[in-house]
Amino acid sequence: GAELLWRTGLSRAARTARDRFTIVTFHRVLPDPSASPLPHLAVTPDFLRSALSFFGEHYTCLPLARASRAFFAGERPERPLLAVTFDDGRKDNFLHGLPALRSTGLRATFFVPAGHVEDESPLWHDELGWIARHLVRKERAEVLTKHFAEVSLDGEVVHAVVQAAKEMGSEPRRRLLATLRSEASDLRLPSWEGPMPWSELRQLAREGHEIGSHSMSHDVLLDRLGADQQTEVAASRRKIEEETGATVESFCFPTGEYDETTLAEIRAAGYRCAATTLWGSNTRETDPFELRRVDVQGERNQDARGEAHEAVLAWRLSRLPGTPR
């Protein structure tokens, strides 16, 4: 079906995105996605390179803040506007993502949790994922069910544990992580886990990529869960600007959650746009502080060679009936 739509031109960007602004999302870039405890969030360097080539051929690709300004100012280039974004600012983005960007000549936006860059610690959900997988492999999954009674050991345990932790308050989640660290004291994380250092983020900025804020701690930004929203939103922007020398215009909601307080803090802090995890593309009626995106997962969009399947990728970006998410 995707091939038929592609060959007849029905799913091509010039038709489906003519008056829309598309944003695509990547997370990890790893030679072996299964090495990550959350492999669905990873793509291979080959897949990324081929996907970027596809975007560059069919879209006008700009970093998010520039693309957003252009779109809402009424610019409609022949090839529709698209922004490539990377969430979480991990080391593998620099190791494997930057070479793909260089080879295709595209510029992207990297959303960074500033507090984790500062202390070089992995994001809480990454660490929890590693711990959960470690305990499962050691046949100690009962440690997890003691803290997450709703998680079934028959399903995707690691993903379920991380999802359940998103519903916890900030302090209970920190205490839980401390407890689980002691239960998995023999766990050793790989060298590629953790955030890019400031030196690499400055290099990205020098090469024309945008550095956006992904909060300070990647906390879930909801008042009901006790998040310190002002610090997460405003202090992260100041810190990134101090360290990189670049103006921070874009924000990305950690875990995709936000409320009216978050939106107010983003506007007050001086951002120009914000990216959500809401699915889809954007129209002239979209609020620039609630931009929709399309996540690009390798397992859903690759061909037999492991590269981007152009027809399938075009279908997923097209908004046509039956489009798979």
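Refer to the structure presented above.
In this report, we go over the structure that sits alongside the text. (Residues numbered from 1 in each chain as written. Predicted model: local features only at pLDDT ≥ 70, side-chain atom pairs only at ≥ 80, totals over all residues. Heavy atoms only, no water.)

Some points on the nonpolar core
Ranked by internal contacts, the top residues of the largest apolar core, which has 58 residues, are F26, F55, Y59, V84 and F86. Beyond its immediate chain neighbours, meaning those up to four positions away, F55 contacts V24, F26, C61, L82, V84, L106, V296, L313 and L317. (Core = buried A, V, L, I, M, F, W, Y, C linked by side-chain atoms within 4.5 Å. Buried < 20%, exposed > 50% of the residue type's maximum accessible area, 1.4 Å probe, protein only. Contact = heavy atoms within 4.5 Å.)

Regarding helix α11 (residues 198-206)
Within the span of α11, buried status applies to W198, L201 and L204. The buried residues of α11 occupy one face: seen down the axis, they fall within an arc of 115°. Lining the buried residues of α11 we find α5 (91-104), β6 (109-112), α6 (114-119), β7 (210-213) and α12 (229-244). Positive backbone phi, at 95°, marks G208, one or two positions downstream of α11. (Helix = DSSP H or I, 4+ residues; strand = E, 2+ residues; numbered from the N terminus. Arc of directions from axis to C-beta.)

With respect to the packing of α11 against α12
Across the interface, α11 lies against α12 with an axial gap of 9 Å and an inter-helix angle of 80°. With respect to each other, α11 and α12 are oriented roughly perpendicular. Contact residues: α11 offers W198, L201 and R202, while α12 offers K239, I240, E243 and T244. Taken together, the residues of the contact of α11 with α12 sort by class into three nonpolar, one polar and three charged. (Axes fitted to C-alpha atoms, helices over the stretch in contact; angles between N-to-C directions. Parallel < 35°, antiparallel > 145°, perpendicular 65-115°, else oblique. Nonpolar A, V, L, I, M, F, W, Y, C, P; charged D, E, K, R; others polar.)

So, unusual backbone geometry
For T255, which is not a glycine, the phi torsion comes out positive at approximately 60°. Counting through the fold element by element, T255 comes out in the loop between β8 (250-252) and α13 (260-269). A positive phi angle, close to 70°, is found at R319, a residue other than glycine. Note that R319 resides in the segment after α15 (310-318).

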